[in-house]
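The residues making up each chain are set out below.
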Amino acid sequence: MDHKWSMVVDLDRCTGCEACVVACRAENNVPTAGEDEAARGRVIHWIRVERYWEGEFPNPRVRFRPVLCQQCDAAPCEPVCPTYASYHTPEGLNAQIYNRCIGTRYCGNACPYTVRYFNFFNPVWDKPLHLQLNPDVSIRQVGIMEKCTFCVQRIKAAEIQAKAEKRDLIEGEFTTACAQACPPKALVFGDLNDPQSEVSRLNRSNRATKLLEEVGTRPSVTYLERGTWRGEKT
Amino acid sequence: MPKKPVIYALCPDPEAAQRAVEGLRRAGIEARNIAVVSSEPFEGYEFSRRDHQTPMPWLAALGGVVGGTSGYFLAAMTQRSYPLPTGNMPIVALWPTGVIVYEMTMLGAILVTLFTMFISARLPNWRAQLYDPAVSDGMILVGATNLSQASRIEANRVLGEAAGGQVKEVGL
Amino acid sequence: MVMNRDDIARLNEDLLRPLFRTSGRFYWAALILALIVIVALAAWGYQLWAGFGVAGLNRPVYWAFYITNFVFWIGISHAGTLISAILRLANARWRRPVTRCAEVITVFALMIGASFPVIHLGRPWLAFWLFPYPSERRIWPNFRSPLVWDFFAITTYLTGSTTFLLLPIIPDWALVRDKAKGWRRKLYSVLALGWRGTPRQWSRLETAMHIMAVAIIPVAVSVHTIVSWDFAMAPVPMWHSTVFGPYFVAGAIFSGIAALILAMAILRKVLHLEDYLTPLHFDNLGKLLLMMSLFWLYFIVAERLTVWYGNETSEMAVYWPTQRGPFAPLYWTMIGCNFLVPFIILSIKQLRTVAGTVVASSTIVVGMWIERFLIIVPPLERKYLPFAWGTYHPRPVEIIITAGTFAAMALLYLLFVKFVPIISIWELKAGVRQESVVPIPASLLRAPDLIESPSPSGLTRGPAGFSREVS
């Protein structure tokens, strides 16, 4: 059976702790930018926690929204890439082939979620971070785009393992780094083609929405939220 | 190969050139043996209208068809022969293929026009040809080639009359 | 007789002078321009060596100065070939001294413009992957990408406009060959390709130019339409607009004519071509410029008004900063440069002089550069999710490279004028002759032509004593 990888982000659970950001950085060899470059907007974080403030002082309220690549079915980044570096895998993932990327950055412009990141310099890690690089994930050189892969290295490892043991993937056998690290379990990863999976169950929730659904990208990430985001009272 | 004698005269104006050409023709010299060289097209004169027929526009259109077809094969066939998943979108998309076909059509027409022009105008040709630098001063060269002994005398007379000056002889 | 031998000699002498005589000023100008170009190339080398981060780009503003320059120069390239082709097909009599100055702009502006997609690449050394060639790595261009359409469109346009420029140069190179001595004679003997000027050659040349003129117009229109689709095909607020195709084409012709007027004014002054590039040409081109200015205003009103009226949240986030936010100073400068100043100058007959059109053209070139910047950067700064908004500030590398392109354009033009007669001599001669044979229709009599303007050059019209039919 084909898989349809999906993530559910429960905004009502998210505490904005950013453990997902750190876990992703460690898992996927995301380089650090440093203060100056971060101030220039060159920081890379495949998943970011967006903060939006509501209300006025002295009663402000902050809302968090983790935003990662939405792995769109109709991804605007794919058709614009002149070299097929951004392409659609048979499992519906939105892959970035680093070796093919020549750095037009068109995909970054076309992405409505602004989740595609450009390597403005060759990657560097402050010591001792350079000692904890993940050998399963390639390092990206200067001049190419990168983005969230849904931890494709973990998906592939689990699939190979299952194939070696001549069995199907088991629900919960693996998950992405961000979902694994999330203390309140706000991030859930799984196979949408399996009707019994956790993500399938959550996708049927009446709290389920998609981010920027009006752009027509058909994202694979679902957000769970009570109506207050839209200004409604619960 | 022995050099063939060629005689020519430099006419000061297109009317004289026209008279010279007509004279040569009356003298029985075949049209293909009458040479005219000028520094302007002189479209208004009969002598400039020889060799006017050319299939160049049709060849250009043909080049467009060939270019457009190759554009279609380039875009459509290569995508079909190595199909990549596109997220439920067509492997060969109509619109982009149309853009490639359009540009290749125009490129084909342009290239064929360029090559046809060079080939049919017999360019480039760096060998010695019947020419006189005085053409650049506004003179029009009218000459006769492949002459027999009889027609040579006649041509000499006609050219001398029309050009009102001396007739030159060169070997090519 | 229309032109006597003295006239021809004078014409040859006037128009070949820049090729044979070189003043010290030429060397100084070439040296200074070459230095600027070298500095710009060094800046690009620095960007390659140090990493792309030395430019001011960031996330989300992934495109800025470089793509602005790309669109701007491709726009300038519409000066020549398009205008020249239209004037040729319309058989506008005054076109003859203008066409080549215009076509050169096209070829060089296209080369400069086409270099920017490469300069802006993250890995420019792999730019050839856009070219469809079979390789062992199975790299193949994605024909769905507007950037690949750009590649095809620019290739076709560059091939076409280079052909369009070079074909009518061949007879002029033959003329130079006859007049030159020494190394120049050898050089031009090769370049002239053995051109003699037989009726057959003239006829083929004219036919080819006619076909090229017909073919190049749709190509030019398609090129800037496709450039506009680089933006319009992406779902970015205020990029995703149907008006972009014609809007870009109109803007391109607009800036192109302005560039042509500037080039002509400089040539006229420096090469003493006052008798050939007359106030009449500036007046006619000024009228065209006025019309394009109004077109441009129409398009920007059509674009802005529909966005404002639609009041779509994501678009308004981009719209207001350009009207009264941080981009407002640039926006209203653009309106002044592209509409107010040119409109006032060009609609008043007394101001539509050489100096007047030059002032209007200068503001338009500046205004059109700003226009491209405002099309590209504000939408990228404020795309959908406000948390990911950013700001863009250019950094020295980008500014130096931008300045370098203007120097490169001037340098290429300078060198071209040294090697090619910038006014098509044979076409000018043929035009003068045609004038006297064809009776001038009454409708055209009001627009005085080159021939009828009082001219000290001796190019005066003789008695039309020749009555042979003209086809």
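Computed from a predicted model, the values in this text were never measured in an experiment. (Residues numbered from 1 in each chain as written. Chains lettered and ligands numbered in written order. Predicted model: local features only at pLDDT ≥ 70, side-chain atom pairs only at ≥ 80, totals over all residues. Heavy atoms only, no water.)

*Asks:* It is not clear to me how the interface of chain B and chain C should be interpreted in this structure. Could you clarify?
*Replies:* One frequently used descriptor of interface size is the decrease in accessible area upon assembly of the parts. Facing the 64 residues of chain B at the interface are 62 residues of chain C. Looking at the side of chain B facing chain C, the largest losses of area belong to B:E40, B:E103 and B:I110, adding up to 11% of the total buried there. Note that C:K179 is salt-bridged to B:D137, the shortest N-O span being 2.2 Å. The interface formed by chain B and chain C contains 24 residue pairs in polar contact (both at pLDDT 80 or more). Secondary structure elements with two or more residues in the side of chain B that touches chain C: α1 (14-26), β2 (34-37), α2 (56-81) and α3 (94-120) of chain B. By residue number, the principal contributor to the side of chain B that touches chain C is α3(B), which donates 16 residues. Grouping the amino acids of the side of chain B that touches chain C by side-chain chemistry returns 37 nonpolar, 17 polar and 10 charged. (Contact = heavy atoms within 4.5 Å. Buried area = accessible area lost by both parts, 1.4 Å probe. Salt bridge = Lys/Arg side-chain N within 4 Å of Asp/Glu carboxyl O. Polar contact = N/O pair within 3.5 Å; in protein donor to acceptor, adjacent residues only side chain to side chain. Helix = DSSP H or I, 4+ residues; strand = E, 2+ residues; numbered from the N terminus. Nonpolar A, V, L, I, M, F, W, Y, C, P; charged D, E, K, R; others polar.)

*Asks:* Would you mind going over the pattern of salt bridges with me for this structure?
*Replies:* Think of it this way: side chains of opposite charge can pair up when their charged atoms draw near. This structure, assessed with the given rule, holds 32 salt bridges over all chains. For A:R207, the salt bridge identified is with A:D10, shortest N-O distance 3.0 Å. You can see A:R207 sitting in the loop between α7 (198-203) and β9 (208-209) and its partner A:D10 sitting in strand β1 (residues 5-10), a full 197 residues away along the chain. Where C:R372 meets C:E371, a salt bridge forms, and the shortest distance between an N and an O atom there is 3.0 Å. Residue class for C:R372 comes out buried when judged on its relative accessible area of 1%. Put simply, A:D10, A:D12, A:R13 and A:R207 are held in one network by salt bridges that share partners. (Buried < 20%, exposed > 50% of the residue type's maximum accessible area, 1.4 Å probe, protein only.)

*Asks:* Looking at this structure, how should I read the packing of helix α4 (residues 80-89) of chain C against helix α5 (residues 99-119) of chain C?
*Replies:* For any two helices packed against each other, the geometry is given by the interaxial angle and the distance between the axes. Residue and element names in this part refer to chain C. Orientation of α4 relative to α5, taken along the N-to-C sense of each, is 145°, at an axis distance of 7 Å. Taking contact as the criterion, the partners of G80, T81, S84 and R88 in α4 are, on α5, T99, A102, E103 and T106. For the contact of α4 with α5, the residue count by class is 1 nonpolar, 5 polar and 2 charged. (Axes fitted to C-alpha atoms, helices over the stretch in contact; angles between N-to-C directions.)

*Asks:* Any chance you could explain the interface of chain A and chain B here in plain terms?
*Replies:* Taken together, the contact pairs 8 residues of chain A with 5 residues of chain B. Carbon and sulfur atoms supply 64% of the area that chain A and chain B bury against each other, a total of about 590 Å² over both sides. When the buried area of chain A at its contact with chain B is split by residue, A:Y84, A:Y87 and A:H88 rank highest and sum to 53% of it. On inspection of chain A and its partner chain B, the count reaches 0 salt bridges.

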